[in-house]
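Notes for the structure review
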Amino acid sequence: MSQENKSGGLFGFFRKGGKEVESNEPLSEEVIRQWLVKRLAKQVKVDPSEIDTAKKFELYGLDSIVAVQVSGDLEKLVEQRLSPALLFEHPSIDELSAHLATELGLNATA
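Residues numbered from 1 in each chain as written. Predicted model: local features only at pLDDT ≥ 70, side-chain atom pairs only at ≥ 80, totals over all residues. Heavy atoms only, no water.

Within an unreviewed UniProt entry, the label attached to the chain reads Polyketide synthase, and the organism entered is Pseudoduganella armeniaca.

Below is the structure:
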């Protein structure tokens, strides 16, 4: 399976539910948070509404292998290289999405 690089910077295409789709929204802290909720819900096989964004990843049973996989998938969303330890350094969806938004300059006002 080939991986085609989609252009679009922080806008445009990203992976959602295993498929590349076009996003109508620019990348933001909320887009990252919602992506993480859907990704975690899929991983632990629950409805996204059951995910508590303040709950630590380890309480959902994520191990280091899954954390590296999620980090790799997240790289595709933000189109930047990320540390495989990111989910351990920022151990909840709220913490991780806030950190990424800050690192990517998404919280800056225009």
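Concerning the overall build of the chain
Worth spelling out the cut-off: Segments assigned H or I by DSSP are reported as helices when at least four residues long, segments assigned E as strands when at least two residues long, and all are numbered from the N terminus. Accessibility here uses a 1.4 Å probe with only protein chains present; expressed as a share of the type maximum, an area under 20% marks a residue as buried, one over 50% as exposed, and anything in between as partly exposed. We call two residues contacting when some pair of their heavy atoms lies within 4.5 Å. Shrake-Rupley sampling with a 1.4 Å probe provides the accessible areas, and residues are treated as covered by the protein chains on show and by no other component.
When helices and strands are counted, the chain shows four helices and two strands. Relative to its full complement of 110 residues, the chain shows a buried share of 34%. Counting only contacts in the chain whose residues sit at least 6 apart along the sequence, the fraction spanning at least 24 positions is 53%. Of the accessible surface of the chain, which amounts to about 6,900 Å², a share of 50% is contributed by carbon and sulfur atoms.

Describing the nonpolar core
Where we set the bar: Put simply, a nonpolar core is a bunch of buried Ala, Val, Leu, Ile, Met, Phe, Trp, Tyr and Cys residues held in one set by side-chain atoms that sit within 4.5 Å of each other.
Counting 25 residues, the largest nonpolar core has Ile32, Leu36, Leu74, Leu87, Leu96 and Leu100 as the members making the most contacts within it. Mapped by element, the contributors of at least two residues to this core are helix H1 (29–44), helix H2 (64–78), helix H3 (86–89) and helix H4 (93–103). It is H1 that provides the largest number of residues to this core, a total of seven residues. In contact with leucine 96, other than residues within four places in its own chain, are Leu36, Phe57, Leu74, Leu86, Leu87 and His90.

Observations regarding the side chain of histidine 90
What counts is decided by this rule: Counting of polar contacts relies on pairs of N or O atoms within 3.5 Å, with two restrictions inside protein: one atom must be capable of donating a hydrogen and the other of accepting it, and residues adjacent in sequence are counted only when both atoms are side-chain atoms.
With respect to the helices and strands, histidine 90 occurs in the loop between H3 and H4. At 3.4 Å, the side chain of histidine 90 forms a polar contact with the side chain of histidine 99. Apart from residues lying up to four places away in sequence, histidine 90 is in contact with Phe57, Glu95, Leu96 and His99.

Notes on the pattern of salt bridges
Let me state the cut-off plainly: By salt bridge we mean one thing: a side-chain nitrogen of Lys or Arg within 4 Å of a carboxyl oxygen of Asp or Glu.
Counted by the stated rule, this structure contains seven salt bridges. In this structure, aspartate 73 engages arginine 39 in a salt bridge whose closest nitrogen and oxygen atoms are separated by 2.9 Å. Of this pair, aspartate 73 sits in helix H2 while arginine 39 is found in helix H1, placing the two residues 34 residues apart along the sequence. Arginine 39 gets classed as buried once you look at its relative accessible area, which sits at 15%. In this structure, arginine 81 and glutamate 75 form a salt bridge, with 3.1 Å as the shortest nitrogen-oxygen distance. Since its relative accessible area comes to 73%, arginine 81 is described here as exposed. Accessibility expressed as a relative area gives 17% for glutamate 75, which makes it buried. Via salt bridges that share partners, Glu29, Glu30, Arg33 and Asp94 belong to a single interconnected network.

Description of the environment of asparagine 107
Along the chain, asparagine 107 turns up in the segment after H4. A C-alpha to C-alpha distance of 7.5 Å links asparagine 107 and glutamate 29, two positions 78 residues apart in sequence. Leave out the neighbours within four places in its chain, and asparagine 107 touches Glu29, Ala98, Ala101 and Thr102.

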